[in-house]
Amino acid sequence: MAETNEHGHKWTMIVDLDKCNGCNACVVACHAENNVPIASEEEVIRGRGNHWIRIERYWEGEYPDVQARFIPVFCQQCGSAPCEPVCPTYASYHSTEQNLNVQVYNRCVGTRYCGNNCPYKVRFFNWWTPEWDSPLNEQLNPDVTVRSAGVMEKCTFCIQRIRRAENDATADGRELRDGDVQPACAQACPSRALVFGDLYDPESQVSERLPAERQFKLLENLGTEPAVYYLKGEDTHVGE
Ligand code: SF4
Ligand code: SF4
């Protein structure tokens, strides 16, 4: 379903629920790539944990025929994002070039209006200045800002990888190719449940796979226009 726009990209994620086994490799990869702080047990109990991806777990059927189902949930990069108009400092804004919801950390004054207005609950507030015990402090990604206390954060579709791929393509004198950009979650997924690409590129994997009979979007009825497509088979009822 290639759409067209000669000025930019429409970055899109497909999540195949029939392939996801709930292993959480995507969650761990996201923490490592994006310098996502690790909350203490006490903070988690207070509802202050921080994961840019969460794996929701559902049970289908009656014992003993019970089937576990999993839905990875992260920022849906909404085309009409409820988190944007409530931000008084334009820290949460829409990039028309990338078709992404962007968070400018040094504009954020910590009102948390955006978090309250996000129906997917995928924005996280930094209640404390993050610290990494040695040797974890030595594996921080230098391409990603470490967010300070009082700042809201969320999934960016690994925009640092998008930027790097764009710069590499420019240096090589060519256009971006499908597969040049792989967010850390999609790269780490052992079952290839996550497929990422540009919906404006007719040759991309996401364009070839969409539309699909199995597709649906989370809370689509709210009019948020998510950029994340979920796929599920007939016997998978999560998301209904
Ligand atoms: S999922 Fe939430 S944080 Fe992401 S763009 Fe939509 S409203 Fe904003
Ligand atoms: S890494 Fe893949 S299979 Fe594992 S939880 Fe994430 S999406 Fe599911």
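Residues numbered from 1 in each chain as written. Chains lettered and ligands numbered in written order. Predicted model: local features only at pLDDT ≥ 70, side-chain atom pairs only at ≥ 80, totals over all residues. Heavy atoms only, no water.

## Comments concerning the overall build of the chain
Here is step 1: The helix and strand inventory of the chain stands at six helices and 10 strands.
Here is step 2: The globule rule puts the C-alpha radius of gyration for 240 residues at 18 Å, and the 18 Å found for the chain is close to it.
Here is step 3: With the C-alpha coordinates of the chain rotated into their principal frame, the extents come out at 55 × 45 × 40 Å.
Here is step 4: Out of the 240 residues belonging to the chain, those deemed buried represent 48%.
Here is step 5: For the chain, contacts bridging at least 24 residues in sequence account for 65% of all contacts bridging at least 6.
Here is step 6: Put simply, the chain shows about 12,800 Å² of open surface, and 48% of that area lies on carbon and sulfur atoms. (Helix = DSSP H or I, 4+ residues; strand = E, 2+ residues; numbered from the N terminus. Rg over C-alpha atoms; globule rule 2.2 N^0.38 Å. Buried < 20%, exposed > 50% of the residue type's maximum accessible area, 1.4 Å probe, protein only. Contact = heavy atoms within 4.5 Å. Areas by Shrake-Rupley, 256 points an atom, 1.4 Å probe, with all protein chains shown as cover.)

## Examining the site of ligand 2
Here is step 1: Neighbouring ligand 2 are 13 residues; Cys20, Cys23, Cys26, Cys189 and Ser191 lie closest to it.
Here is step 2: When grouped by side-chain class, the residues that make up the shell around ligand 2 number nine nonpolar, four polar and no charged. (Near = heavy atom within 4 Å. Nonpolar A, V, L, I, M, F, W, Y, C, P; charged D, E, K, R; others polar.)

## Topic: the sheet that holds strand S1 (residues 11-16)
For sheets, the rule is that strands pair by backbone hydrogen bonds, running either parallel or antiparallel.
Here is step 1: Strand order in the open sheet formed by four strands is S8-S1-S10-S9, and the pairing between neighbours is mixed. The strands lining the two open edges of the sheet, one partner per strand, are strand S8 (194-198) and strand S9 (215-216).
Here is step 2: Bridge count between S1 and strand S10 (residues 228-231): four bridges; the pairing is parallel. Bridge pairing links aspartate 16 to leucine 231 in S10. (Pairing = 2+ DSSP bridges.)

## What about the pattern of salt bridges?
Here is step 1: Enumeration according to the criterion identifies 10 salt bridges in this entry.
Here is step 2: Between arginine 54 and glutamate 56 there is a salt bridge, with its nearest N and O atoms 2.9 Å apart.
Here is step 3: Given the relative accessible area of 27%, arginine 54 is considered partly exposed.
Here is step 4: Taking relative accessible area as the criterion, glutamate 56 reaches 21% and is therefore assigned partly exposed.
Here is step 5: The residue glutamate 60 makes a salt bridge to arginine 69 at a minimum N-O spacing of 3.2 Å. For the pair glutamate 60 and arginine 69, one class covers both residues: buried.
Here is step 6: Residues joined in a network through salt bridges with shared partners are Asp16, Asp18 and Arg214. (Salt bridge = Lys/Arg side-chain N within 4 Å of Asp/Glu carboxyl O.)

## Points about the packing of aromatic side chains
Here is step 1: With the rule as written, the count across this model stands at four aromatic pairs.
Here is step 2: On the numbers, 5.5 Å between centres and 5° between planes, the contact of tryptophan 11 with phenylalanine 196 is stacked. Taken together, the positions of tryptophan 11 in strand S1 and phenylalanine 196 in strand S8 put the pair 185 residues apart, joining distant regions of the chain. This pair shows no difference in class: tryptophan 11 is buried, exactly as phenylalanine 196 is. (Phe/Tyr/Trp six-rings, centres within 6.5 Å; stacked < 30°, edge-to-face > 60°.)

## Let's talk about helix H4 (residues 159-172)
In an α-helix there are 3.6 residues to a turn, and that puts residues three or four apart on one side.
Here is step 1: If you check H4, its first and last C-alpha atoms are 20 Å apart, about what 14 residues at 1.5 Å a residue would give, namely 20 Å.
Here is step 2: Within the span of H4, buried status applies to Gln160, Ile162, Ala165, Glu166 and Ala169.
Here is step 3: At its buried positions, H4 is contacted by S1, helix H1 (25-33), strand S5 (100-103) and S8.
Here is step 4: Phi turns positive, to about 70°, at glycine 173, one or two residues after H4. (Expected span 1.5 Å × (residues − 1).)

## Notes on the site of ligand 1
Here is step 1: The local shell around ligand 1 consists of Cys75, Gln76, Cys78, Ala81, Pro82, Cys83, Asn101, Cys118, Tyr120, Val122, Arg123 and Lys154.
Here is step 2: Looking at the shell around ligand 1 residue by residue, the classes come out as eight nonpolar, two polar and two charged.

## Looking at the environment of tyrosine 93
Here is step 1: By the element assignment, tyrosine 93 lies in strand S4 (residues 92-95).
Here is step 2: If near-sequence neighbours (up to four positions away) are discounted, tyrosine 93 is found in contact with Glu84, Leu100, Asn101, Val102, Val104 and Arg107.

## Some thoughts on the nonpolar core
Here is step 1: Residues Met13, Phe157 and Tyr230 are the most contacted members of the largest nonpolar core, which totals 51 residues.
Here is step 2: Dropping the residues within four chain positions of it, phenylalanine 157 is found in contact with Trp11, Thr12, Met13, Phe74, Cys75, Gln77, Leu100, Ile162, Pro183, Phe196 and Val228.
Here is step 3: Counting seven residues, the second-largest nonpolar core is a separate cluster that includes Val195, Leu210, Tyr229 and Leu231. (Core = buried A, V, L, I, M, F, W, Y, C linked by side-chain atoms within 4.5 Å.)

## Looking at H1
Here is step 1: What H1 keeps buried is the set Cys26, Val27, Ala29, Cys30, His31 and Glu33.
Here is step 2: The inward-facing, buried residues of H1 contact strand S2 (54-60), H4, helix H5 (184-188) and S8.
Here is step 3: The positive-phi residue at the C-terminal boundary of H1 is asparagine 35, with phi of around 50°.

## Brief notes about the pairing of S2
Here is step 1: Alignment of S2 against strand S3 (residues 67-73), held across seven bridges, turns out to be antiparallel. Within the sheet, the bridge partner assigned to glutamate 60 lies in S3 and is glutamine 67.
Here is step 2: Counting the residues between successive antiparallel strands, the hairpin from S2 to S3 contains six residues, one of them, glycine 61, with a positive phi of roughly 90°.

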